[in-house]
Amino acid sequence: MRTNALVLVAVLAVGSQLSAQRPDSMAITADELAGRLRYFSSDLFEGRYPGTRGEALTTAYLISELQGFGVRPGVANSWLQPVSVVTHQPAPDASIEIRLSGRVTRSLEHGRDIRLANFTALPDVAAGGELVFVGYGIDAPIYRWNDFAGLDLRGKVPIVLLDEPNIPNDSVRFNGVRASRYSSFLDKIAEMERRGAVGVVLIRPAGSLAKTPPSGPRRLADRANTATLRFVANIADSVVATLLPPRSPALGALIEAASRPGFRAVPFGVRLDVKFRTRPTTVTTHNVIGVVPGTDSSVAAEHVVLSAHWDAYGIGPPVNGDSIYNGALDDGAGVTELLALARVFSRHPQRRSVTLLFTTAEEWGLLGAETFVCSGLIPRERIIANLNLDDGTELWGVRRDVAPLGIELSTLGQAVENAARRKGLRVSPDPFPQEGFFLRADNYPFARAGVPALYMGVGIDTKDQPASATKARLDEYLAKHYHQPSDEYDTVVVDMRGSQQFAEFVRDVTIAVANANERPAWLPGAEFSRAGAAAACPQRSRP
């Protein structure tokens with residue numbers, strides 16, 4: 001305990017020194033950001049893993065900084081919002097039963113034919129139902145697409161494909177090359193659970209399944225405790241091919257048919273029953289939340305939420321002798337920029353309130369952001385916008401363009417255009433549309449819940465180097481440093497002036513949104529809406 005206390009004192013002391021060096025102005029400096037990022041991504045924070053001493057050190061530091069700025073606590077009289085997450089460990093000695101019956105009767109081998117995962121908070125799973133192929137498992141009225149038309153999923157086990165249909169020469173349905181919200185596998189699972197499925201099976205290439213015992217995805221405890229969908233699984237495509245009903249086309253042709261409008265689900269006439277065990281545990285981790293109250297009583301109850309995730313991957317398997325997964329770019333960059341913005345807005349409050357949200361469990365499936373959005377801590381109708389900082393490529397230098405994701409979906413795009421023009425920047429489209437980054441960051445739970453949101457990001461037109469060099473740097477980062485111990489300051493930072501430029505751009509967009517006469521709104525034809533967001537929070541968590 002004495003060692004922990006001494007480390008905590010060091011965290012708070014160094015954090016206070018960094019705060020004291022800040023000028024009281026709207027300016028954000030590269031030196032401010034560099035000093036804080038080098039510190040925040042150091043080994044001192046032990047990789048910032050939820051539920052560990054690294055979390056305690058991290059949240060204490062963030063709170064100390066916010067207090068030093070004069071920001072108010074965002075959770076009643078507290079800075080911390082608990083986030084309860086169910087995780088699963090394998091039960092290596094437990095028996096596993098996987099049985100097909102009906103038109104085809106045989107057992108399946110775990111790790112070769114199929115791999116199971118527990119979707120509940122209970123240790124034992126015993127469930128089953130008729131297999132039915134549902135294509136991509138999408139119901140998207142906006143695109144006139146429904147893979148469940150005429151199908152009752154209650155008590156059944158759908159077999160589903162990853163991603164979404166790729167329709168040649170069609171740039172309208174599912175956004176063409178840019179991944180739409182309907183490609184989110186977790187959203188597909190939620191839709192099939194809502195329709196009564198007891199399990200979901202995902203088709204994977206033969207030979208790709210892990211041979212380890214069953215475990216389970218990390219889920220918010222209130223979701224896991226009330227789950228009616230009992231399991232998810234990966235199944236080898238070679239196995240699915242042997243289960244096709246008579247007169248069915250071959251599996252390849254069936255998958256091709258699922259990519260065309262008018263596809264209808266195919267019942268297999270085969271039942272799948274599973275019985276297995278895992279070891280669930282509940283981890284309590286925390287969002288850190290501060291607020292700068294608005295100055296205009298007519299709109300001060302409305303909030304612009306700025307977010308970045310503090311969690312990384314903790315202490316793990318050594319790579320080249322290094323076992324601390326520091327997370328400098330992902331997302332130390334966003335956290336340090338958000339702290340700089342907290343300092344700015346604490347001294348320069350806006351008409352509307354600005355909430356500073358440092359989320360946990362982003363790497364576990366955006367669970368901290370989902371908890372915040374669905375908790376009612378701030379009613380969703382009073383959250384007018386979310387700007388999320390999780391890009392990181394701004395660490396590679398000053399840009400000529402910015403590329404926030406989601407600008408085509410809401411009137412936030414106009415605020416981006418105006419702020420960029422004043423800074424002499426172009427607004428570029430998503431430079432990596434096939435990656436679906438908008439769906440993989442903490443802005444997504446906001447959008448899914450009906451709140452206009454942006455993934456704030458820069459483009460790839462870097463001063464003094466060609467765009468190809470920026471793309472090559474991203475490829476190198478993803479291949480060598482992403483979620484690895486080498487994601488540390490001395491490896492990934494090239495030019496902190498890019499971070500300064502980005503933070504000041506986010507500052508300017510925030511000011512525009514927080515002071516506008518009109519609230520942001522989704523544009524006609526967008527995939528999200530305020531009215532259609534009820535399913536995003538099926539059961540409200542308590543603040």
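Just so we're clear, the structure is a prediction, and the values are computed from it rather than from any experiment.

Undergrad: What is the right way to read the packing of aromatic side chains from this model?
TA: Geometry of an aromatic ring pair is reported as the spacing of the ring centres plus the angle between the planes. Scanning all chains against the criterion turns up 18 aromatic pairs. Measuring from centroid to centroid gives 6.1 Å for Phe 438 and Phe 528, while their planes differ by 50 degrees, and the two rings are tilted. Taken as a pair, Phe 438 in the loop between strand S20 (426-427) and helix H11 (443-448) and Phe 528 in the segment after helix H14 (497-515) lie far apart in primary sequence, 90 residues in all. This pair shows no difference in class: Phe 438 is buried, exactly as Phe 528 is. Taken together, Tyr 39, Phe 40, Phe 45 and Tyr 61 form an aromatic cluster joined through their ring pairs.

Undergrad: Hey, could you run me through helix H10 (residues 412-422) in this one?
TA: Residues lying three or four places apart along an α-helix face the same way, a consequence of the helix completing one turn every 3.6 residues. Along H10, the positions that sit buried rather than exposed are Leu 412, Gly 413, Ala 415, Val 416, Ala 419 and Ala 420. Projected down its long axis, H10 carries its buried residues within an arc of 155 degrees, all on one side. In H10, the exposed positions angled more than 90 degrees off the buried face are occupied by Arg 421 and Arg 422. Packed against the buried residues of H10 are strand S18 (383-389), strand S19 (401-402), S20, strand S21 (453-456) and H14. The positive-phi residue at the C-terminal boundary of H10 is Gly 424, with phi of around 70 degrees.

Undergrad: Please explain the side chain of Gln 81 as it appears in this structure.
TA: Its location among the elements puts Gln 81 in strand S2 (residues 80-90). Under the relative-accessibility criterion, Gln 81 is labelled buried at 0%. A polar side-chain atom of Gln 81 sits 3.1 Å from a polar atom in the side chain of Ser 375. Apart from the residues within four sequence positions on either side, Gln 81 is in contact with Val 75, Thr 285, His 286, Asn 287, Ile 289, Thr 371, Phe 372, Ser 375 and Leu 377.

Undergrad: Before we go on, may I ask you to explain the state of the cysteines in this structure?
TA: Covalently bonding the sulfur atom of one cysteine to the sulfur atom of another cysteine gives a disulfide. This structure, assessed with the given rule, holds one disulfide. Cys 374 shares a disulfide with Cys 537; S-S distance 1.9 Å. Across the S-S bond linking Cys 374 and Cys 537, the dihedral sits near -70 degrees, which makes this disulfide left-handed. Of this pair, Cys 374 sits in helix H9 (residues 367-375) while Cys 537 is found in the segment after H14, placing the two residues 163 residues apart along the sequence. You'll find Cys 374 and Cys 537 in the same group, each marked buried.

Undergrad: Please explain the pairing of strand S12 (residues 231-236) as it appears in this structure.
TA: Strand residues, when the strand is regular, have side chains that alternate between the two faces of the sheet. In terms of burial, S12 is largely enclosed, as five of its six residues are buried. Bridge analysis of strand S5 (residues 114-118) against S12 gives five bridges, and the strand direction is antiparallel. Of the residues in S12, the one forming a bridge with Arg 115 is Asn 234. Direction of pairing for strand S10 (residues 199-204) relative to S12: parallel, over a ladder of six bridges. What sits directly across from Ile 203, in S12, is Ile 235.

Undergrad: What am I meant to see in the pattern of salt bridges here?
TA: It is possible for side chains of opposite charge to pair when their charged atoms get near one another. As enumerated under the stated definition, the model contains 31 salt bridges in all. Measuring nitrogen to oxygen at the nearest pair gives 3.0 Å for the salt bridge that ties Arg 400 to Asp 461. With Arg 400 in the loop between S18 and S19 and Asp 461 in the loop between S21 and helix H12 (467-481), the pair connects residues that are 61 residues apart, well separated along the chain.

Undergrad: Whenever I open this one, empty space enclosed by the protein confuses me. Can you help?
TA: Unoccupied space between atoms shows up once a probe the size of one water molecule is rolled over them. In total, this model carries one cavity of 30 Å³ or more according to the counting rule given. One number sums up the size of the largest cavity: a volume of about 50 Å³. For the lining of the largest cavity, the class distribution of residues is three nonpolar, four polar and three charged.

Reading the values: rules and limits
- Residues numbered from 1 in each chain as written.
- Predicted model: local features only at pLDDT ≥ 70, side-chain atom pairs only at ≥ 80, totals over all residues.
- Heavy atoms only, no water.
- Phe/Tyr/Trp six-rings, centres within 6.5 Å; stacked < 30°, edge-to-face > 60°.
- Helix = DSSP H or I, 4+ residues; strand = E, 2+ residues; numbered from the N terminus.
- Buried < 20%, exposed > 50% of the residue type's maximum accessible area, 1.4 Å probe, protein only.
- Arc of directions from axis to C-beta.
- Contact = heavy atoms within 4.5 Å.
- Polar contact = N/O pair within 3.5 Å; in protein donor to acceptor, adjacent residues only side chain to side chain.
- Disulfide = S-S within 2.5 Å.
- Pairing = 2+ DSSP bridges.
- Salt bridge = Lys/Arg side-chain N within 4 Å of Asp/Glu carboxyl O.
- 1 Å grid on protein atoms, 1.4 Å probe; cavity = no way out; pocket = protein on both sides within 12 Å on 5 of 7 lines; lining within 4 Å.
- Points joined across faces, edges and corners; volume = space filled by probe spheres on them.
- Nonpolar A, V, L, I, M, F, W, Y, C, P; charged D, E, K, R; others polar.

Limitation: the analysis is restricted to geometry and does not speak to function.
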